[in-house]
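A closer look at the structure
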Number of protein chains: 2
Amino acid sequence: MEGKTKSCTIRDVARYCKVGVSTVSRAINDDPEIAPATRERVLEAVRELHYVPNNSARNLKMTESRTVALLVRGIDNYFYQGMYDPIQKDLREAGYDYIIHAVDEVADVTKEASALVKEKRLCGLIILGGRVDKSARELSSIDIPYVLCTVAVPYGKAMPECTTVGIDDERSAFCITDYLIKRGHSRIALLGGKKGDSAVGARRLEGYKRACNEAGQPIDESLIFYMHDDIPEFSVENGYAMMKEAISSGVDFSAVFVISDLMAIGAYKALFEAGIKIPYDVSVVGFDGINLGKFLHPTLTTMCQPRPQMADKAVSELVRMMKGDDHIRHNVFETELLTGESVSTKKD
Amino acid sequence: MEGKTKSCTIRDVARYCKVGVSTVSRAINDDPEIAPATRERVLEAVRELHYVPNNSARNLKMTESRTVALLVRGIDNYFYQGMYDPIQKDLREAGYDYIIHAVDEVADVTKEASALVKEKRLCGLIILGGRVDKSARELSSIDIPYVLCTVAVPYGKAMPECTTVGIDDERSAFCITDYLIKRGHSRIALLGGKKGDSAVGARRLEGYKRACNEAGQPIDESLIFYMHDDIPEFSVENGYAMMKEAISSGVDFSAVFVISDLMAIGAYKALFEAGIKIPYDVSVVGFDGINLGKFLHPTLTTMCQPRPQMADKAVSELVRMMKGDDHIRHNVFETELLTGESVSTKKD
DNA sequence: TATGCTACTGGAAACGTTTCCGTTAATTGA
DNA sequence: TCAATTAACGGAAACGTTTCCAGTAGCATA
């Protein structure tokens, strides 16, 4: 406790080394129009007095605040692990300050965003999660650069009018379903469907259906299980609930495509409890490629999203736009099939 | 796109409804000294013009910014799940704005903190994680209220000079070790030890040792496995590495105390790979009580920390202090043993 | 020596609020 | 009816910075 230092201002520093305030300002902002000797003297005083510029005053005066916000829906989602860190590091490296702001619901994203931008004079926005239809349209009133990250991109349909970073959910889901089909599975349950056409779940469901169609397998609606609304989306608990529902429905299947790894963990549990052996009785695939998959027993076959690279891209795209390049770009990353032990080849 | 609205100010609103700026200010701040009719008229104009107060200007003028920062070390740690959300909600309800700030290392906490406080005119700080010796001392130069949350509290030793929220790591570790001993286990391996005396891992190790001592069992150092420095602390990967180390060391044990649930998942994997059956060959207990424990196979016996309640408490304590009550308090929460299927009773 | 140029520095306005203080109008009491 | 009180409001200073503009000193050139 060194008792209420009544935080010293730029004027205090100026007085201390007998220069004008503008000189101090120039010194701390690396302005070239200052004599090196003076700068050193001022900087020394800054250290001496423990002076720290007041951000509010600076932001008020300047047009750009050099602060970007990371808006994330469902901050607790395990999937975002490994994204916060790179985003933070990259932004800091690029000289931007940043804040993380958690929002509850998709709807909140746009409401919070527009208020935040004005309140805090943000100069950029990264939005993690949510869906493209809800976000993109309503966000268009915001006149600062922003990047939508890990949202479902409606392949082939109208792309949102803003820069995005993501994967092709439909194609990835197609691939992993196709992988199951190629291994002899014809009755594949899907866990985590979602109505509508732009949510992540809905896009993956579409990929699943296309794979079935192209393989000449009819879509059996009784094999599709939808996300429970009363349980958090993409949660272990939701996967567990859906798997139980699938088992007790009595419908016949030899493989399950769970549209997120976390939900796959819940599905594993339900299968164990029912005495169903993975992969002998039922094969399981997940989606996302979180690190836990490798520690399951058996290890999980899944579609891996390159999260760190996506995080890096989100930042570099935002920085590009904040520097004035207002070209819109859609960055679609390749996903990679990680083969684990959870899938067996079915021989009829 | 409605083209660069050149964000309107309080003066624009004042002009619009032909009142003074002070009247507008009073209206938006719920000042009682204003005619209800006028307030309504102003508020209407605010909505009309999409006016949002500039936070920088407000913070600059006011002494208190009503913003608190949540400093978290290891934002990716699954353990913090379920804490961000309550903290956010509680703070918002109490009328405080907040930002999350991730820091890499313990050392960074104090450095970042003191700069942040001045820069952003913070009026409060919640620090999640880290250790008490490193943080408390060095933070004492900060003259705003702050709360240390989920840090190891050195039981019986000098308490830090600031408000804390946590559990008694030593006692909890004692209890769960004792639980194993009571069920007949005499050779219990510990995974996740840590040198020093104030880290979470170190405190839990102490509890383990005390339980052994009080039961008259000699401490066998070869049963204690320490956290690998080259792998993130408390990670699944670290648990896996330590368990493999334990198995290949050839040392005999009938139970394992893994000091975090996430690490227990890694331990499970290593045991499965070695063909060791839980709980028949080896019993396993974890620590933390994350939701994943219930979905493991077998379900994990663990010591549950009441994270949501701790989060609530952290906020209410901070709010109390920000309101002027500078009394320091140490809130030690009770942990609860969650019994799963991972422990067997040993009969000799 | 006078002039122009350069390099550096200081003063002051402005950013958008809040709040103190003064003013006006309305209300009350005698 | 008049004075006194009060309710409601407007004006302007101040918060701590950045930046424009003007000013000074030193120096080279004519």
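Definitions and cut-offs
- Residues numbered from 1 in each chain as written.
- Chains lettered and ligands numbered in written order.
- Predicted model: local features only at pLDDT ≥ 70, side-chain atom pairs only at ≥ 80, totals over all residues.
- Heavy atoms only, no water.
- Helix = DSSP H or I, 4+ residues; strand = E, 2+ residues; numbered from the N terminus.
- Expected span 1.5 Å × (residues − 1).
- Buried < 20%, exposed > 50% of the residue type's maximum accessible area, 1.4 Å probe, protein only.
- Least-squares fit on C-alpha atoms with pLDDT ≥ 70 in both.
- Contact = heavy atoms within 4.5 Å.
- Near = heavy atom within 4 Å.
- Polar contact = N/O pair within 3.5 Å; in protein donor to acceptor, adjacent residues only side chain to side chain.
- Nonpolar A, V, L, I, M, F, W, Y, C, P; charged D, E, K, R; others polar.
- Core = buried A, V, L, I, M, F, W, Y, C linked by side-chain atoms within 4.5 Å.
- Pairing = 2+ DSSP bridges.
- Axes fitted to C-alpha atoms, helices over the stretch in contact; angles between N-to-C directions.
- Buried area = accessible area lost by both parts, 1.4 Å probe.
- Salt bridge = Lys/Arg side-chain N within 4 Å of Asp/Glu carboxyl O.
- 1 Å grid on protein atoms, 1.4 Å probe; cavity = no way out; pocket = protein on both sides within 12 Å on 5 of 7 lines; lining within 4 Å.
- Points joined across faces, edges and corners; volume = space filled by probe spheres on them.
- Domains from an automatic or database assignment.
- Phe/Tyr/Trp six-rings, centres within 6.5 Å; stacked < 30°, edge-to-face > 60°.

Things to note about helix α11 (residues 261–273) of chain A
Residues and elements named next belong to chain A. Taking 1.5 Å of rise per residue, the 13 residues of α11 would be expected to cover 18 Å, and the 19 Å separating its terminal C-alpha atoms lies within 8% of that figure. The buried fraction of α11 is high, at 11 of 13 residues. Downstream of α11 by one or two residues, G275 has phi in the positive range, about 75°.

Description of the relation of the copies chain A and chain B
The pair of chain copies shares a relation made of a rotation about an axis and a shift along it. Superposing chain A onto chain B takes a rotation of 180° plus a shift of 0.3 Å along the axis, which leaves an RMSD of 0.4 Å. What the rotation and shift describe, once combined, is the action of a two-fold rotation axis. No C-alpha of chain A lies nearer the rotation axis than that of S56(A), which sits 2.2 Å from it. A share of 100% of the interface residues of chain A reappears at the interface of chain B, consistent with the copies meeting face to face through the same patch.

What about the protein's contact with DNA strand C?
Around DNA strand C there are 29 residues in total, and G20(A), T23(A), T38(A), I10(B) and R11(B) lie nearest to it. By atom count, sugar and phosphate contribute 55% of the portion of DNA strand C lying within 4 Å of the protein. I10(B) has a polar backbone atom sitting 2.7 Å from a phosphate oxygen of DNA strand C. Separating a base oxygen of DNA strand C from a side-chain N or O atom of R11(B) is a distance of 3.4 Å. Of all the secondary-structure elements, those providing two or more residues to the surface near DNA strand C are α2 (21–28) and α4 (55–61) of chain A together with α1 (10–16), α2 (21–28) and α4 (55–61) of chain B. For the surface near DNA strand C, the per-class residue count stands at 12 nonpolar, 9 polar and 8 charged.

Here's the deal with the nonpolar core
Side chains that are nonpolar tend, in soluble globular proteins, to be buried together. Counting 164 residues, the largest nonpolar core has F257(A) and F257(B) as its most contacted members. If you look at the next biggest cluster of nonpolar residues, it comprises 31 residues, including I127(A), L116(B), L122(B) and I142(B).

Some thoughts on the sheet that holds strand β7 (residues 224–226) of chain B
Residues and elements named next belong to chain B. Strand order across the open sheet formed by 4 strands is β7-β6-β8-β9, with parallel pairing between neighbours. Strands at the two margins of the open sheet, each flanked by one partner only, are β7 and β9 (283–285). Between one strand and the next, the sheet's axes are offset by a mean angle of 15°, whatever the strand orientation. Sheet analysis places strand β6 (residues 188–193) next to β7, joined by 3 bridges and oriented parallel. Directly across from L191, in β7, lies its bridge partner F225. Along the sheet face, helix α8 (residues 169–182) touches β6, β8 (255–258) and β9 and points at about 170° away from the line of β8.

Describing the interface of chain A and chain B
Between chain A and chain B, the contact holds 58 residues from the first and 58 residues from the second. Between chain A and chain B, the buried area comes to about 5,200 Å², and carbon and sulfur atoms account for 51% of it. Its largest share of buried area at the contact with chain B, chain A owes to D76(A), K118(A) and F295(A), together 13% of the area lost on that side. At the surface where chain A touches chain B, the tally comes to 0 salt bridges. Summed over the shared surface of chain A and chain B, the result is 4 residue pairs in polar contact (both at pLDDT 80 or more). Elements with a minimum of two residues in the side of chain A that touches chain B: α4, α5 (84–93), β2 (97–103), α6 (106–120), α10 (236–248) and α11 of chain A. In terms of residue count, β2(A) provides more of the side of chain A that touches chain B than any other element does, 7 residues in total. The residue makeup of the side of chain A that touches chain B, split by class, is 22 nonpolar, 18 polar and 18 charged.

What to know about empty space enclosed by the protein
A probe as big as a water molecule, rolled over the atoms, marks out the empty space that is left. Inspection of every chain in the model, using the stated rule, returns 4 cavities of 30 Å³ or more. Estimated volume of the largest cavity: approximately 250 Å³. For the largest cavity, the lining is made up of 15 residues, of which S56(A), N59(A), K120(A), N59(B) and K120(B) are closest to its centre. Looking at the lining of the largest cavity, the elements with two or more residues in it are α4 and α6 of chain A together with α4 of chain B. Looking at side-chain class alone, the lining of the largest cavity contains 3 nonpolar, 8 polar and 4 charged residues. Roughly 150 Å³ of volume is contained in the second largest cavity. Looking at the second largest cavity, it is lined by 13 residues, and the ones nearest its centre are L296(A), H297(A), F295(B), L296(B) and H297(B).

Side note on the domain arrangement of chain A
Split into domains, chain A comes out as domain 1 (2–62), domain 2 (67–167 + 307–333) and domain 3 (169–305). Relative placement of domain 1 of chain A and domain 3 of chain A: their C-alpha centres are 59 Å apart.

Things to note about the packing of aromatic side chains
The final tally for this structure, using the stated rule, is 11 aromatic pairs over all chains. Seen from their ring centres, Y78(A) and Y78(B) are 5.0 Å apart, and the 55° between their planes marks the pair as tilted. In this pair, Y78(A) sits in the loop between β1 (67–73) and α5 while Y78(B) sits in the loop between β1 (67–73) and α5 (84–93), so the two residues belong to two different chains. Each member of the pair, Y78(A) together with Y78(B), is buried. Ring geometry for Y268(B) and F272(B): centres 6.2 Å apart, planes at 80°, overall edge-to-face.

Considerations on the side chain of S235(B)
The topology assignment puts S235(B) in the loop between β7 and α10 (236–249). In this structure the side chain of S235(B) is engaged in a polar contact, spanning 2.7 Å, whose partner is the backbone oxygen of P232(B).

Remarks on helix α12 (residues 307–322) of chain B
All names here are of chain B. Taking 1.5 Å per residue as the helical rise, α12 with its 16 residues ought to reach 22 Å, and the 22 Å between its terminal C-alpha atoms agrees with that figure. The set of residues buried in α12 consists of R307, M310, A311, A314, V315, E317, L318, V319, R320, M321 and M322. As for α12, its buried residues are in contact with β1, α5, β3 (124–128), β4 (146–149), β5 (163–167) and β11 (330–333). Of the residues trailing α12, G324 is marked for its positive phi of about 115°.

What about the sheet that holds strand β6 (residues 188–193) of chain A?
Residue and element names in this part refer to chain A. Strands sit in the order β7-β6-β8-β9 across an open sheet of 4 strands; the sheet is parallel. Taken across any chain shown, the strands that pair with only one partner, and hence form the sheet edges, are β7 (224–226) and β9 (283–285). Each strand axis lies, on average, 15° off the axis of its neighbour in the sheet, ignoring direction. As paired strands, strand β8 (residues 255–258) and β9 are joined by 3 bridges and run parallel to one another. What sits directly across from V256, in β9, is V284. Running over the sheet, helix α9 (residues 200–214) touches β6, β7 and β8 and is turned about 165° from β6.

Some thoughts on the protein's contact with DNA strand D
In the vicinity of DNA strand D lie 27 residues, with I10(A), R11(A), G20(B), T23(B) and T38(B) positioned nearest. One nitrogen or oxygen atom from the main chain of N54(A) is found 3.2 Å from a phosphate oxygen belonging to DNA strand D. Measuring from a base nitrogen of DNA strand D, one finds a side-chain N or O atom of R26(B) at 3.1 Å. For the surface near DNA strand D, the elements supplying multiple residues, two or more each, are α1 (10–16), α2 and α4 of chain A together with α2 and α4 of chain B.

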